[in-house]
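Chain and residue survey
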Amino acid sequence: MNLLADLRRRFRIALELLDTGAGEVADMVLPSKDPKFGDYQANCAMPLGKRLGRPPREIAQEIVDRLDVADLCDPPEIAGPGFINLRIKDDWLLKNLSQKVPDQTQLGVVPTEQPRTFVIDFSSPNVAKPMHVGHIRSTVIGDALCRILRQLGHRVISDNHIGDWGTQFGMIIYGYKNFADDQAFEKDTVGELSRLYKLVNQLVEYHVIREKKIPAIEQQIVELAARLEQMHDATELEDPKDRKKADKRHRQAEGQLVELRATLDSLRNHLSAVENDSLLGPLASEHAQIGSAVLAETAALHAGDQTNQSLWDRFLPACLESIDETYQRLNVTFDHALGESFYHDRLAGVVEDLTERGLVRESEGAKCVFLKDDDAPFIVQKKDGAFLYATTDLATVEYRMSEWTPDAMIYVVDHRQSFHFKQLFETVKLWGYGDVQLEHVSFGTVLGEDGRPYKTRSGTAVGLGGLLDEAVERALKIVCENDDARDTPLLSQEQRQTNAERIGIGAIKYADLAHNRTSDYVFSYDKMLAMNGNTAAYMQYSYARVRSIFGKGDIDIDSLRSSGSPLQLTHPSERALALALLQLSETLQRVATDFRPNHLTAYLFELASAYSSFFEHCPVLKAEDAGLRNSRLLLCDLTARTIARGLNLLGIEVVERM
Ligand code: ARG
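I will try to describe carefully the structure that is included in this document. (Residues numbered from 1 in each chain as written. Predicted model: local features only at pLDDT ≥ 70, side-chain atom pairs only at ≥ 80, totals over all residues. Heavy atoms only, no water.)

Looking now at the overall build of the protein chain. A tally of regular secondary structure across the protein chain gives 24 helices and 13 strands. Seen through its principal axes, the protein chain has C-alpha atoms that stretch 85 × 70 × 60 Å. Out of the 658 residues in the protein chain, the part that is buried amounts to 49%. For the protein chain, the share of sequence-separated contacts (at least 6 apart) that also reach a separation of at least 24 residues comes to 74%. (Helix = DSSP H or I, 4+ residues; strand = E, 2+ residues; numbered from the N terminus. Buried < 20%, exposed > 50% of the residue type's maximum accessible area, 1.4 Å probe, protein only. Contact = heavy atoms within 4.5 Å.)

What follows is about the sheet that holds strand 8 (residues 366–369). Strand order in the open sheet made by the 3 strands is 7-8-9, with antiparallel pairing throughout. The sheet is open, and its two borders are formed by strand 7 (361–363) and strand 9 (378–381), each paired with just one other strand. Between one strand and the next, the sheet's axes are offset by a mean angle of 50°, whatever the strand orientation. Bridging between strand 7 and strand 8 involves 3 bridges; their strand directions are antiparallel. Pairing of Ser-363 across the sheet is with Ala-366, part of strand 8. (Pairing = 2+ DSSP bridges. Axes fitted to C-alpha atoms, helices over the stretch in contact; angles between N-to-C directions.)

Roughly 1,000 Å³ of internal volume is contained in the second largest pocket. Every residue lining the second largest pocket is counted, 34 residues in all, and those nearest its centre are Pro-31, Ser-32, Asp-39, Gln-583 and Glu-606. Breaking the lining of the second largest pocket down by element, the ones donating at least two residues are strand 1 (29–31), strand 4 (83–86), helix 21 (572–581), helix 22 (584–594) and helix 23 (598–617). (1 Å grid on protein atoms, 1.4 Å probe; cavity = no way out; pocket = protein on both sides within 12 Å on 5 of 7 lines; lining within 4 Å. Points joined across faces, edges and corners; volume = space filled by probe spheres on them.)

Through backbone hydrogen bonds, the strands of a sheet pair up, either in parallel or in antiparallel fashion. Sheet architecture is open: 4 strands sit in the order 6-5-10-11, paired in parallel fashion. The strands lining the two open edges of the sheet, one partner per strand, are strand 6 (155–159) and strand 11 (437–441). In this sheet, neighbouring strand axes are inclined to one another by 20° on average, regardless of whether the strands run parallel or antiparallel. Both strand 10 (residues 408–412) and strand 11 contribute to a ladder of 5 bridges, which runs parallel. Within the sheet, the bridge partner assigned to Tyr-411 lies in strand 11 and is His-440. Across the sheet, helix 15 (residues 418–431) lies against strand 10 and strand 11, angled at about 175° from strand 11, the strand it touches most.

Inspection of the secondary structure assignment puts Thr-117 in strand 5 (residues 117–121). Among the residues examined, Thr-117 registers a relative accessible area of 10% and is labelled buried. Not counting residues up to four positions away in its chain, the partners in contact with Thr-117 are Arg-155, Ile-157, Trp-404, Thr-405, Pro-406, Asp-407 and Ala-408.

Looking now at the nonpolar core. Counting residues in each nonpolar core, the largest one holds 177 residues, and the members touching the most others are Phe-11, Ile-63, Ile-88, Ile-120, Phe-169, Leu-467 and Leu-600. Residue contributions to this core peak at 15 residues, all from helix 8 (residues 189–232). Excluding residues that lie within four positions of it along the chain, Phe-11 makes contacts with Ala-26, Val-29, Ala-42, Cys-44, Ile-63, Leu-67, Ile-84 and Leu-86. Counting 31 residues, the second-largest nonpolar core is a separate cluster that includes Val-119, Leu-338, Ala-395 and Tyr-411. (Core = buried A, V, L, I, M, F, W, Y, C linked by side-chain atoms within 4.5 Å.)

Between two aromatic rings, the relevant description is the distance of the centres plus the angle of the planes. Following the criterion strictly, the structure yields 22 aromatic pairs and no others. Ring plane angle 25° and centroid distance 5.8 Å describe the contact between Tyr-611 and Phe-615, whose orientation is recorded as stacked. Taken as a pair, Tyr-611 and Phe-615 lie in helix 23 at a separation of 4 residues, close to a single helical turn. Assessed through its relative accessible area of 2%, Tyr-611 is described here as buried. Given the relative accessible area of 36%, Phe-615 is considered partly exposed. Within the aromatic cluster, the residues linked to one another by ring pairs are Phe-342, Tyr-343, Tyr-399 and Trp-404. We note Arg-361 situated over the ring of Phe-370; from NZ or CZ to the ring centre the distance is 4.2 Å. (Phe/Tyr/Trp six-rings, centres within 6.5 Å; stacked < 30°, edge-to-face > 60°. Lys NZ or Arg CZ within 6 Å of the ring centre and 35° of its normal.)

Turning to empty space enclosed by the protein, a few remarks are in order. Under the counting rule described, the total for this entry stands at 2 cavities of 30 Å³ or more. By volume, the largest cavity is sized at about 50 Å³. Lining the largest cavity, in full, are Val-127, Ala-128, Lys-129, Pro-130, Val-190, Leu-193, Ser-194, Cys-319 and Ser-322. Within this model, the second largest cavity holds a volume of roughly 30 Å³. Of all the elements in the fold, those that place two or more residues in the lining of the second largest cavity are helix 5 (136–151), helix 16 (464–484) and helix 17 (493–514).

Among the residues making up helix 4 (residues 90–100), those that are buried are Trp-92, Leu-93, Asn-96, Leu-97 and Lys-100. Projected down its long axis, helix 4 carries its buried residues within an arc of 120°, all on one side. In this fold, the buried residues of helix 4 make contact with helix 1 (3–18), helix 21 and helix 24 (626–649). (Arc of directions from axis to C-beta.)

This part is about the packing of helix 2 (residues 45–52) against helix 3 (residues 56–66). As a packed pair, helix 2 and helix 3 sit with axes 8 Å apart at the nearest point and diverge in direction by 115°. In terms of axis orientation, helix 2 runs roughly perpendicular to helix 3. Of the two possible hands of crossing, helix 2 and helix 3 adopt the one that is right-handed. Between helix 2 and helix 3, the contacting residues are Ala-45, Met-46, Leu-48, Gly-49 and Leu-52 on the first element and Pro-56, Ile-59, Ala-60 and Ile-63 on the second. Of the residues belonging to the contact of helix 2 with helix 3, the class tally is 8 nonpolar, 1 polar and no charged. (Parallel < 35°, antiparallel > 145°, perpendicular 65-115°, else oblique. Left-handed = near helix turned anticlockwise from the far one by under 90°. Nonpolar A, V, L, I, M, F, W, Y, C, P; charged D, E, K, R; others polar.)

Given below as structure tokens:
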């Protein structure tokens, strides 16, 4: 049962009766922000009044006259300038809630009437390096979307588009050929590969800074200094207004100059740090051509070079094993993990096909698709014949379309790739895949307490494994403290560890999902592990608290569920809880519309708050009579199950004791 969808459907009919085309404002029916305005509120009389040039209150009355909700709501009220307030009938709440009591599988979530096929491309790390904090968001958001869309009855195909074919492999191949420690490689392949990756990356960066970045900044400084020189003349201007403007420009330019000099200093410091390092210094000068050498190794791999191919064959399984460990810990699975390498022999065909369709033009030797309004074209093949990330993504679309004929393809990838996806989607449409819905579900950056991208003290990306370890460690401390504070501790060492794992990892996932995905957020263990507020710990605690009632009262909840014992709503907080329990379905529907899992976290938080208020006002085990006691126990049971289901749809597990 999807209450909101039902109300909107009924409004749409009433609105169309009033004025053809007016049905489109039916989506303005929303849950009320404040219970004093009823359970739901419709603001559609306002825009409609404007459109028809008549007072909105009059329009509201005409909508209400045509609205058929007598079985569902008390008579609608018109308030203020023309708001329509709706209060759901208690009978209706009771009837629908009772249907949820025995419904174990769907918990009242209605499967969609129009199931669609979604391909969800998420996580997709570049695997020659260990996973880091930057991979959390895509992995966690993508997994939650898969679970939610599946729960709604859609067909979901999850595909991890692993970066297993890019320059990072050129780096480890070069690293292996030049710097490998064979013993370390045998003992801990992934560890050795990440060391090689890091080493080569540092050396490449050293030369980029030395040969490209520093000269570019020096040039900018010279130019800016010359401009400043000229600007001095402007200080003698007659008109005070002009003088003021000139002054401002002067100050700005000076500010820029200071910044450029600071950047230059820090880059030079970086260079000297490398040069003075006893390991890096000599390597940096011995491997002066490392940048182009890495590209050459990558190109050789792509061209089928035997040695590089067999190195790749040796490296890849170790890389995959290491990311699988992380996925297991996160309890995230994929239907497919077709990495970039899977598409490499299809790339030439893609460019050929685009060319045959007249979509490709050459520009400075590169093959490009030119798109309206873009400054830069979508490059599909470089001058030297190499294919790009873009080409692989096109081949991937072609494959997915022919293999699974999806209705929608969702890419859960960070916002810095927005332009890539905009160009990809436009090209895909031109290519002839007009009907498929393409969505870039983008997200912001995980920040440290200082407001900058979250990094370790030494400035490198925070490894995902270590991040999870620390969350679990902190959770274990909380679990032990709570349990030790009991008269008789309840948890075995093993249970403490399992709980800590669920609470620690749940905290990280929930904190990520609870933020509006398009914003950045500050990563804080203290905040995410807090027992109060909109956190996983609070939700898990709420669940455990509800469940503890059954133990305390020695209640066999399974038989109570099947007993057919009727529900009652005797107190406003009891009614508010009932309404909240019935809103899971519409919440999931909202997530499926804009791919924002934070609707679900917000819902769970409201549900837990409604439960708290119910628990404060309505005695459960000590209810006045057996009938009311049973009804309240069933409400508790529904609350626990809804929280558990909601968390499960976010990829988070509950604990029985907290
Ligand atoms: N491997 C890429 C990266 O780390 C993300 C891939 C996203 N998916 C895609 N189909 N392009 O930046």
